[in-house]
Amino acid sequence: GIIAVMETRSAILHSACLLFSQRGYDAVGVQELVDAVGVAKPSLYHHFGSKQGVLEALLAMYLKPFNLKLAERCVYHQDIVLSLEGVARTFFEFAQLEPLFFRLWMTMRLAPAQSVPFEALSPYAQVQQQLLSTLFANAALQHGNLRDKQDMLALSFSGLLYIYATQAIQTRRKMDETMVYRIVHQFMYGIFS
């Protein structure tokens, strides 16, 4: 029935997330993916078309909702610190909730430019960069010293969040309000000093 179909699809995605995050997309074969779930190859091809299809479905499952939440947090309400704290919380809550996927996401960011993982991630990464750039552009209307630096600021801030979240996952440190506060204020001090 339809429940078995959904369970198979979900099991393949879960297995892929685990294996890709542990060993990387290229190191995991289709046979290994289906063996981990206990289904035959045609089942994977039926649901996803290919290994790349599995990866694309995985990204959509995690990063579409992430980007929607990020979009909400990137609405500028005349307080850049408050906005950046909201953005930091979005990253940290997600990393804490989905550490396996977050690790996979971080490795995909560093994949070679023409690789399947990098290409699959690119549309989501572009949306994130655009959201943050727009946030900084809107803040620049209030803070003149931010003007024409929105792309660099977006890249710098997201880079900080990636690094701190990755380190917290690797060391099993909690990503709490103190961490959010420190990172945002360290970043803001760098901008305004």
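Residues numbered from 1 in each chain as written. Predicted model: local features only at pLDDT ≥ 70, side-chain atom pairs only at ≥ 80, totals over all residues. Heavy atoms only, no water.

1. Considering the environment of Ile183
For step 1, the next point in the chain: Within the element layout of this structure, Ile183 appears in helix α9 (residues 177-192).
For step 2, the next point in the chain: Ile183 gets classed as buried once you look at its relative accessible area, which sits at 2%.
For step 3, the next point in the chain: Each C-alpha atom, one on Ile183 and one on Leu100, is 23 Å from the other, the two residues being 83 residues apart in sequence. (Helix = DSSP H or I, 4+ residues; strand = E, 2+ residues; numbered from the N terminus. Buried < 20%, exposed > 50% of the residue type's maximum accessible area, 1.4 Å probe, protein only.)

2. A word on the pattern of salt bridges
For step 1, the next point in the chain: Summed over the entire model, instances satisfying the criterion amount to four salt bridges.
For step 2, the next point in the chain: For the salt bridge of Lys69 with Glu93, the shortest nitrogen-to-oxygen distance reads 3.6 Å. Here Lys69, found in helix α4 (residues 51-73), pairs with Glu93, found in helix α5 (residues 80-97); they are 24 residues apart in sequence, far enough to count as distant.
For step 3, the next point in the chain: Each of Glu85, Arg89 and Glu177 takes part in a single network of salt bridges with overlapping partners. (Salt bridge = Lys/Arg side-chain N within 4 Å of Asp/Glu carboxyl O.)

3. Considering the environment of His185
For step 1, the next point in the chain: One can find His185 in helix α9.
For step 2, the next point in the chain: Exposure remark for His185: the relative accessible area of 29% places this residue in the partly exposed category.
For step 3, the next point in the chain: Sequence separation between His185 and Ser158 is 27 residues; the distance between their C-alpha atoms is 14 Å.
For step 4, the next point in the chain: Contact partners of His185, with chain neighbours within four places excluded, come to Val81 and Glu85. (Contact = heavy atoms within 4.5 Å.)

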